Amino acid sequence: MGVIIRQSIQNSFISYIGILLGILSTIILFPNILTPDQYGLTRVLLSIAIICAQFSHLGMTNIVIRYFPYYNTSGDSRYRLLTLSLGIPLAGFFLFMILFILFQDVLISYYIDQSELIVVYNTYLIPLVFAILFFEILNSYVRSLQDSVTGSFVNEVLIRILIIILLIVHYFEWLTFRYFMIGFVSIYLIQPVYMLTYLFINNQLSFSFPFQKETKRLFRDMSVYGAYSLLGGLATLLIGNIDIIMIGMLMDLKSTAVYAIAFYIGSVITVPQRSIGKIASPILAGLLKNRKYNEIDQLYKRTAYNQLIFGVLFYAGIWANMHNLLDLLPDTYDGIYWVVIIVGLAKLFNMATGVNGMIIINSKHYRFDLYTNILLVILTITTNLLLIPPYGITGAAIATAVSIFVYNFIKFLFVWITFKMQPFQWNALGVVMISAVCLGLSFLVPYMMNFFVDLMVRSLMIAAVFLGAVLAFGLSDDVKNLVTETLRRVQTLWD
């Protein structure tokens, strides 16, 4: 648990820096430097590339994490896994390129009327898929070495800094939009190069013929698990990206840009969840392998509760400052208010149900994850088709929220029935009530006629009241320890 807490804090720190960089790029620079159509193009290409990369890795990202404990007996054994984890996705990437060439005209036909820029730049998908694919594979391997921080830094800090620089260069018209797009794709190609360099520096980059010993013994299980995790993961990514893709098809790239910004703001609350999940998954794989169900139950409850605490704090802070966020955006983006609120609420419920999906996918019941994901894909596509035409981007947000609620409730029930575990604690009700009070108090504070002053006062008031109440009522030992450690370090620096 100490590894989880330590790396979760490190990941959270990186993620908070990433949030600041994301606010600068996503909310300030992108909408003010690129036209809505141009910004929408980058979002659609990324969403399609993420889904295609999931298809191309053929289940290896989850295989690496689940089966790493079986290979972690010697350096040569780990090198066999690394070779396998890079070789199979390479074959998958070539398969993707063949399918892309064969069906390129079909892809273009969906966007030609509403989103013409996709027709011009659709070939940029090939290097973008390659970059995302091999970063995810290498990041899974590095995470299995119980280092979740390096990948977080690359994905949330380094890439955003480089994109900010690229946007500034484009703003001064030193690059045309075509060269901006070339630079945009090239930045993502830096990710796998960085991870390979990291492995090399740490003497973890070596290769060995993979089809012997462990692989021969585990090949059938790995193949079946990989097939299910491939389809399950593909379904999950479809759910997370299908709304942006369908808005581009059913509406236009301008609407896609507006929704993308709203979705980003609503997803900010998931920072603690992402931070915990990056290190919790490989640890869960080891606990399930050794059938340590009491430790799994403790991990399940503790991570869910901590995710909820910080999730509701972020949610209240975002809702209270929506007027400030809107002031940063051009008038074109005024329609994001309720999209942010709806998406944020759905993400909050997802956090409150904890690591149920990780428990399922790393257990012998991993097939169930595929079945629920297929159900969710059908539900997501259907609700988007029904709600986007009459309600636009708000309809897409409602569709996403309904899908997330149904999906997580089914997984919650399955883990409860199968493993006799559930993540909820009575203290959670107190945490939710405190956050509601904080939000209500923020609405009573008049606008202070200065963006930065208003933002700081509201945010600090919510944080002080919320954390003060959590500490006063003894609702979380982890929060108490975190505050104590933070104050100790501040005192050390001050002295």
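Residues numbered from 1 in each chain as written. Predicted model: local features only at pLDDT ≥ 70, side-chain atom pairs only at ≥ 80, totals over all residues. Heavy atoms only, no water.

A. Region of the structure containing the packing of helix H10 (residues 253-267) against helix H14 (residues 337-352). The N-to-C vectors of H10 and H14 enclose an angle of 40°; their axes lie 8 Å apart at closest approach. With respect to H14, the element H10 is oriented oblique. Helix-helix and strand crossings are classified by hand; for H10 and H14 the assignment is right-handed. Here Tyr-259, Ala-262, Phe-263, Ile-265, Gly-266 and Ser-267 of H10 come into contact with H14, specifically with Val-339, Val-340, Val-343, Gly-344 and Lys-347. (Axes fitted to C-alpha atoms, helices over the stretch in contact; angles between N-to-C directions. Helix = DSSP H or I, 4+ residues; strand = E, 2+ residues; numbered from the N terminus. Parallel < 35°, antiparallel > 145°, perpendicular 65-115°, else oblique. Left-handed = near helix turned anticlockwise from the far one by under 90°. Contact = heavy atoms within 4.5 Å.)

B. Just helix H3 (residues 60-71), in detail. Over its 12 residues, H3 runs only 14 Å from end to end, short of the ideal 16 Å by more than 12%, given 1.5 Å per residue. Most of H3 sits inside the fold, with nine of its 12 residues counted as buried. (Expected span 1.5 Å × (residues − 1). Buried < 20%, exposed > 50% of the residue type's maximum accessible area, 1.4 Å probe, protein only.)

C. Representation of the environment of Leu-328 within the structure. Its place among the elements puts Leu-328 in helix H13 (residues 322-328). The exposure class assigned to Leu-328 is partly exposed, which follows from its relative accessible area of 23%. Along the primary structure Leu-328 and Leu-29 are separated by 299 residues, whereas in three dimensions their C-alpha atoms are 9.8 Å apart. Leave out the neighbours within four places in its chain, and Leu-328 touches Ile-27, Ile-28, Asn-32 and Phe-451.

D. Quick look at the nonpolar core. With 130 residues, the main nonpolar core has Leu-45, Met-181, Tyr-259, Ile-265, Ile-336 and Phe-466 as its most contacted residues. A total of 12 residues in this core trace back to one element, the largest contributor, which is helix H6 (residues 125-144). Sequence-distant contacts of Phe-466, that is, excluding residues within four places in its chain, are made with Ile-309, Val-312, Leu-313, Val-431, Ile-434, Ser-435 and Cys-438. Leu-299, Tyr-300, Ile-359 and Phe-412 belong to the second largest nonpolar core, which has 15 residues in total. (Core = buried A, V, L, I, M, F, W, Y, C linked by side-chain atoms within 4.5 Å.)

E. Representation of the confidence of the model for the chain. Of the residues in the chain, 90% have a pLDDT of 70 or more, and the chain-wide mean is 83. When the elements of the chain are averaged for pLDDT, helix H11 (residues 271-289) gives the smallest value, 69, and helix H8 (residues 177-201) the largest, 93. (pLDDT = per-residue confidence, 0-100.)

F. Broad picture of unusual backbone geometry. Look at Glu-173: it is not a glycine, yet its phi comes out positive at around 60°. Mapped onto the fold, Glu-173 is located in the loop between helix H7 (149-171) and H8. Its relative accessible area of 70% is what places Glu-173 among the exposed residues. Not every positive phi belongs to a glycine, and Lys-420 is a case in point at roughly 60°. For Lys-420, the location among the structural elements is in the loop between helix H16 (366-419) and helix H17 (427-444).

G. Fine view of the packing of H17 against helix H18 (residues 451-472). Contact geometry of H17 with H18 gives a least axis separation of 9 Å together with a crossing angle of 150°. It follows from the interaxial angle that H17 and H18 lie roughly antiparallel. Considering how the two elements wind past one another, H17 and H18 form a crossing that is right-handed. Contacts between H17 and H18 involve Val-431, Ile-434, Ser-435, Cys-438, Leu-441 and Ser-442 on the former and, on the latter, Arg-458, Met-461, Ile-462, Val-465, Phe-466, Ala-469 and Val-470.

H. Highlighting the pattern of salt bridges. Tallied over the entire structure, the rule returns two salt bridges. Its salt-bridge partner being Asp-297, residue Lys-301 comes within 3.0 Å of it at the nearest N-O pair. With Lys-301 and Asp-297 both in helix H12 (residues 293-320) and four residues apart, this pair spans about one turn of that helix. A relative accessible area of 23% places Lys-301 in the partly exposed class. Between Arg-458 and Asp-454 there is a salt bridge, with the nearest N and O atoms lying 2.7 Å from each other. Of this pair, Arg-458 and Asp-454 both sit in helix H18, separated by four residues, roughly a single helical turn. (Salt bridge = Lys/Arg side-chain N within 4 Å of Asp/Glu carboxyl O.)

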